[in-house]
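If you want the building blocks of each chain, they are given just below.
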Amino acid sequence: MSPNRTTLRRAGTVTALTAAGILAAAGAASAHVTVHPDSYAKGATDGVLTFRVPNEEDGASTTRVQVFLPTDHPVLGVLVSPQDGWTAKVTNTKLKTPVKTDDGTITDAVSEITWTGGKIDPGHYEDFNVAFGRLPDDTGRLTFKTLQSYSDGKTVRWIEEPTGGEEPENPAPVLELTAKGAAEGRTASASSSAPTKSAEDSASGASDDATARGLGVAGLVVGVLGLAAAAFAVARTRSTGGGDA
């Protein structure tokens, strides 16, 4: 085999491996549990939080989802929406510091919700809707640590909080709480348009996610093709130079 062909073959192999690695990384980065919307006003009332759980495994189904709600800044009046095929277990915990409301003093709040009995197949996701009566007004962020268990016995712990602006490997779902005046309009909009389990809503959410991932992957592919073109040009120049000598 000529040096020119060997160089081109090696360049093509490196390019293919690079593309495969980039695409795999792009897919893995988007496969974590998230909460929607990602922000609400402090002290917001009568809203809905949707926990989106994608299946990141190729050969196993998600069979259990555990979401832990903070009790140092509790979410009050939690109600779980019925979910086809799933059974929800709600765990209450006595609060160290009771919360005073217009309706009286609250001494306990939901600390954990566990869904079992259903399954999320590979390449699919499930939305779990949780209604609330009131969000806390004394913090700027709520972290919902989540455990995702699979049919092969594996459990992924989505419990890490971002530090230094970088996303951790297993990030927990985070809800930002903004100043009341700055986000009242957005809160009302988010509450009225909270996701439901209709096929139309699920398809819309999947389309938005797929579009964002597609644009990112397209950019990466263009970069990889640029590397391939550069490698080809170098190899061709070497071949031409060798013929003149």
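Anything mentioned here points back to the structure above.
First things first, this report covers the structure right here in the doc.

What counts, and at which threshold
Residues numbered from 1 in each chain as written. Predicted model: local features only at pLDDT ≥ 70, side-chain atom pairs only at ≥ 80, totals over all residues. Heavy atoms only, no water. Helix = DSSP H or I, 4+ residues; strand = E, 2+ residues; numbered from the N terminus. Buried < 20%, exposed > 50% of the residue type's maximum accessible area, 1.4 Å probe, protein only. Contact = heavy atoms within 4.5 Å. Areas by Shrake-Rupley, 256 points an atom, 1.4 Å probe, with all protein chains shown as cover. Salt bridge = Lys/Arg side-chain N within 4 Å of Asp/Glu carboxyl O. Phe/Tyr/Trp six-rings, centres within 6.5 Å; stacked < 30°, edge-to-face > 60°. Core = buried A, V, L, I, M, F, W, Y, C linked by side-chain atoms within 4.5 Å. Pairing = 2+ DSSP bridges. Axes fitted to C-alpha atoms, helices over the stretch in contact; angles between N-to-C directions.

In terms of regular secondary structure, the protein is built from three helices and twelve strands. The 245 residues of the protein split such that 33% are buried. Sequence-distant contacts in the protein: of pairs separated by 6 or more residues, those separated by 24 or more amount to 74%. Total accessible area on the protein is roughly 13,900 Å²; 54% of this is exposed by carbon and sulfur atoms.

Attention now moves to the pattern of salt bridges. Per the counting criterion, the structure on display carries four salt bridges. Across the pair D127 and R52 runs a salt bridge, and its minimum N-O distance is 2.8 Å. Note that D127 is positioned in strand β8 (residues 125–134) and R52 in strand β3 (residues 45–54), a separation of 75 residues in sequence.

Take the packing of aromatic side chains next. According to the stated counting rule, one finds four aromatic pairs in the structure shown. Taken together, a centroid distance of 5.3 Å and an interplanar angle of 85° make the contact between W86 and F128 edge-to-face. Pair noted here: W86 is in the loop between β5 (79–80) and β6 (87–101) and F128 is in strand β8, with a separation of 42 residues, a long-range link. Residue W86 is classed as buried on the basis of its relative accessible area, which comes to 8%. According to the relative accessible area criterion, F128 is buried, its value standing at 0%. For the ring pair W115 and F128, a centre distance of 4.7 Å and an interplane angle of 40° mean the geometry is tilted. Residue W115 is found in strand β7 (residues 104–120), and its partner F128 is found in strand β8; the two are separated by 13 residues along the sequence. Taken as a pair, W115 and F128 share a single burial class, namely buried. Within the aromatic cluster, the residues linked to one another by ring pairs are W86, W115 and F128.

Ranked by internal contacts, the top residues of the largest apolar core, which has 29 residues, are L135, F144 and L175. Where this core is concerned, the elements lending two or more residues are β3, β4 (62–68), β7, β8, β11 (155–158) and β12 (174–178). At four residues, the largest contribution of residues to this core is made by β7. With residues near it in sequence (within four places) discarded, F144 still touches L49, F51, V67, F68, L69, P70, V75, W158, A172, P173 and L175.

Here the focus is the sheet that holds β12. The strand order β2-β12-β9 describes an open sheet built from three strands, whose pairing is mixed. With partners counted over all chains shown, the strands left at the sheet margins are β2 (39–41) and β9 (141–143), one partner each. Across the sheet, the mean angle separating the axes of adjacent strands is 25° when strand polarity is ignored. As judged from the three bridges shared by β2 and β12, these two strands associate in the parallel manner.

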